[in-house]
2 protein chains.
Amino acid sequence: MSRTLYFDNAATTYPKPTDVYNAMNDFYMNNGVNVGRGQYSLASKASALVNETRELIYKLFNCPANKKVVFTSSATEAINIILQGLPWQGEENVYITHFEHNGVLRCLNHLREVHNIDLSNENYLEVDRDTLCYDLEEIQNQFNRKKPNVVIINHASNVCGLVAPIEEISRLAKKYGATVIVDCAQTAGLLNIDLRKIMADYVIFAGHKTIYGPFGIAGFIIDEKSQLKPLLYGGTGIDSANLDMPTTIPERFEVGSPNIQAIAGLNAALKWLFSTGVNNIYEKEREMTNELISVLKEFEVNMYLPSDEANHIGIVSCTFKDLPTDGIGNFLNQHNVAVRTGLHCAPDAHRFLGTYPGGTVRFSLSYFNTNDQLTLLKEIIRDIYLY
Amino acid sequence: MSRTLYFDNAATTYPKPTDVYNAMNDFYMNNGVNVGRGQYSLASKASALVNETRELIYKLFNCPANKKVVFTSSATEAINIILQGLPWQGEENVYITHFEHNGVLRCLNHLREVHNIDLSNENYLEVDRDTLCYDLEEIQNQFNRKKPNVVIINHASNVCGLVAPIEEISRLAKKYGATVIVDCAQTAGLLNIDLRKIMADYVIFAGHKTIYGPFGIAGFIIDEKSQLKPLLYGGTGIDSANLDMPTTIPERFEVGSPNIQAIAGLNAALKWLFSTGVNNIYEKEREMTNELISVLKEFEVNMYLPSDEANHIGIVSCTFKDLPTDGIGNFLNQHNVAVRTGLHCAPDAHRFLGTYPGGTVRFSLSYFNTNDQLTLLKEIIRDIYLY
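Throughout this description, residue numbers start from 1 for each chain and increase along the sequence as written. Chain labels run from A onward and ligand labels from 1 onward, assigned in the order the entries are written. Totals for whole chains, interfaces and linings use every residue, but because this is a predicted model, local features are given only for residues with pLDDT of at least 70 and side-chain atom pairs only at 80 or more, for both listing and counting.

A. Main features of the environment of V316 of chain B. Residues and elements named next belong to chain B. Where helices and strands are cited, they refer to DSSP runs of H or I of at least four residues and of E of at least two residues respectively, numbered from the N terminus. Relative to the elements of secondary structure, V316 occurs in strand β11 (residues 315-320). Labels follow a simple rule on C-beta atoms placed from the backbone: if 20 or more others lie within 10 Å of a residue's own, it is buried; if 12 or fewer, it is exposed; otherwise it is partly exposed. According to the C-beta neighbour criterion, V316 is buried, with 27 such atoms within 10 Å. A C-alpha to C-alpha distance of 6.2 Å links V316 and S364, two positions 48 residues apart in sequence. Contact criterion: two residues are in contact if their C-beta atoms, reconstructed from the backbone, are within 7 Å. Setting aside residues no more than four positions away along its own chain, V316 makes contact with G161, T289, L292, I293, L296, M303, L305 and F363.

Structure, rendered in structure tokens:
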């Protein structure tokens, strides 16, 4: 491990649990073959690993029996498959949060050009600017004024860590028959997400963030009866003579060779999550987050935090009084403090927080951050004000 | 390593050079962060690795200065980005080979439905059925009779190893101003592919096959002035405030977090290729292929081989006299011989070879196969005829 003080876990968690590195390396060295119809023993083991990993994802989200897991190479790919695959007729009302990532925003911008979907200013789910709390009453009013067709909910902001009440919003949206999409890129594995309670049609997860798995594997959860159109066409290892994509899910959406090494890492990560305990991981990260906030409070910084700690995960964005964000970022980076400054691929969030276009300095934590790191961070920030 | 006799290298090469496993594991453990604008030292190292790997790909294909490398998560994704991104007007004449993989075939089938592209029987580039040799004179006649708009050339068949004369076909196609796409999934790193001689607009490669890299990384080579439309929309780490995709290449097509671990593996694989020598790898595989053919000749099998060995890579498809393909496959798999039977996601190839719908038993080799393995294979096949 390096001596970097790594506070860029919202970009990707690092380090991973040791088991994750080992599982990837061992499986790839000993079993690095192509899943699919080759029924020699190595291929069967690879297929079994993929199936077991799907089961672990079902367990993580407490999926009811009608749900299927589709693996993709990234959450961005998952978002594109879902958003581009919906049966758009034109002029649908699409509600989003202020905190969508460019994966969602750029995809919607494309759909606006193609299908003229409605993404007006009044289509942002209402959040109180002072408390950073979703306003469910006003959201109901929004839906009443303008019926939602599609509702996309960023579960937790990669900029400020604000958590959306997905259970309540999805229930409201479903009253109007809307298609509900929840982006759990920053929360899967960190928060309890119970798909027996959350009325979501599509739930997106990233392997390499709060699940503590590797790059190269992500996915979404979909109803087995979904009529989503494929975005990517290609071989799936089944029904090769058919030039149409299979109608079965997940095969319909999983083209090309599965990334068995990444799946081995995801598998180990999920087992680590369950053995460590999702709640324990959350509590540890919460503790570190409170400590981080205490450290930052000692300096003249503005932090963009929800007033209710229960709606917040370990991501703290701030600006330093009288000092430019990128200057702070450069100073910290030069002192081997890994933070990310700017807009974090989420320009709307910064517009909402009032930090556009300069952005913020973002500190983001994981289970593996320590008090010692925060003590060192405090000393380094103190130096900023000395110079 | 397992004791499996691995002859499924056309699905994915296995094992990889030791350096590839080590590089992936070391880089991911010590530097497994997100590339992009985070300019802390680990992120800079990750960015440098990506840039160096692009340079190695330029070198592999002897790219002229106007070419760019776009990384994707799979060759199938690359094919989809290219084929779906072309400026289709409708009713274009698309020429393909008899040996396209379902990545191409299913994508084209979708485009036929959307844009009514012409993919008639006369749009298959002519191959002599007896010699399995591309007929350049007849291909010129085909183009004369019906002007090509798009020509897609499978560089080497994943079913029978037939190599297409891409330099000559692309030159013919360019006389008619066609867009030329070459699928090098089975050849990049194995055959010399010189993009200063081959007039191709798009060249696709897979990391995990003949380049000896891992799953999760592939890509294509594109002209820096290409007007290809994006297929996937999302964050690229640059110009975050812009809801349109960047106009610069490769950023326009590379969305989401780069798979730095896979790129570390690809980097090590490319360095291994150059230090071992592409020609040496080819020669070793050729030698093993001739040995494999000798082994199979001892039994009553039909092999589907080009008459000119120079047009053939280490993939041998065969059928066993009076014995069903899947039965042979099962027998071999049970004896831990890794082969793949059936249609290999390339139904047209089997129609052309006359092996549809039963398919073939496919043996595919790599640099790491040995004479001892072939000796063992001979003994196991002998058992088939004893039982």
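B. Looking closely at the pairing of strand β7 (residues 179-183) of chain A. Residue and element names in this part refer to chain A. Counting buried residues in β7 gives five out of five residues, a clear majority hidden from the surface. On β7, burial covers both faces: T179, I181 and D183 on one face and V180 and V182 on the other are all buried. We treat two strands as partners when DSSP finds at least two bridges between them. Inspection of the sheet shows strand β6 (residues 150-154) paired to β7 by five bridges, in the parallel sense. Paired with I153 across the strands is V182, a residue of β7. Every crossover in which the path from the first strand over the helix to the second runs clockwise, viewed with the strands pointing away from the viewer, is termed right-handed. After leaving β6, the chain enters helix α6 (residues 166-175) and then returns to the sheet as β7, a path that is right-handed.

C. The sheet that holds strand β13 (residues 340-342) of chain B, seen in detail. All names here are of chain B. Sheet architecture is open: four strands sit in the order β10-β11-β14-β13, paired in antiparallel fashion. Of all the strands in the sheet, the pair left with one neighbour each is β10 (301-303) and β13. The average angle at which neighbouring strand axes cross in this sheet is 30°, direction not considered. As judged from the four bridges shared by β11 and strand β14 (residues 360-364), these two strands associate in the antiparallel manner. Counted as the bridge partner of V316 is F363 from β14. Structural elements are reduced to axes, namely lines fitted to C-alpha atoms, with helices fitted over the stretch in contact, and the angle between N-to-C directions of any two is expressed from 0 to 180 degrees. Against the sheet, helix α8 (residues 278-297) contacts β10, β11 and β14, and its axis sits at roughly 5° relative to β11.

D. The arrangement of the interface of chain B and chain A in detail. With 68 residues of chain B in contact, the opposing surface of chain A contributes 67 residues. Of all elements in the fold, only α1 (18-31), α2 (41-60), α3 (75-85), α4 (102-115), α7 (260-276), α9 (325-334), β12 (337-338) and β13 of chain B reach the threshold of two or more residues within the side of chain B that touches chain A. If you tally residues by element for the side of chain B that touches chain A, the top one is α4 of chain B, at seven residues. Just so you know the grouping, Ala, Val, Leu, Ile, Met, Phe, Trp, Tyr, Cys and Pro go in nonpolar, Asp, Glu, Lys and Arg go in charged, and all remaining residues, Gly too, go in polar. The residue inventory of the side of chain B that touches chain A, partitioned by class, reads 29 nonpolar, 32 polar and seven charged.

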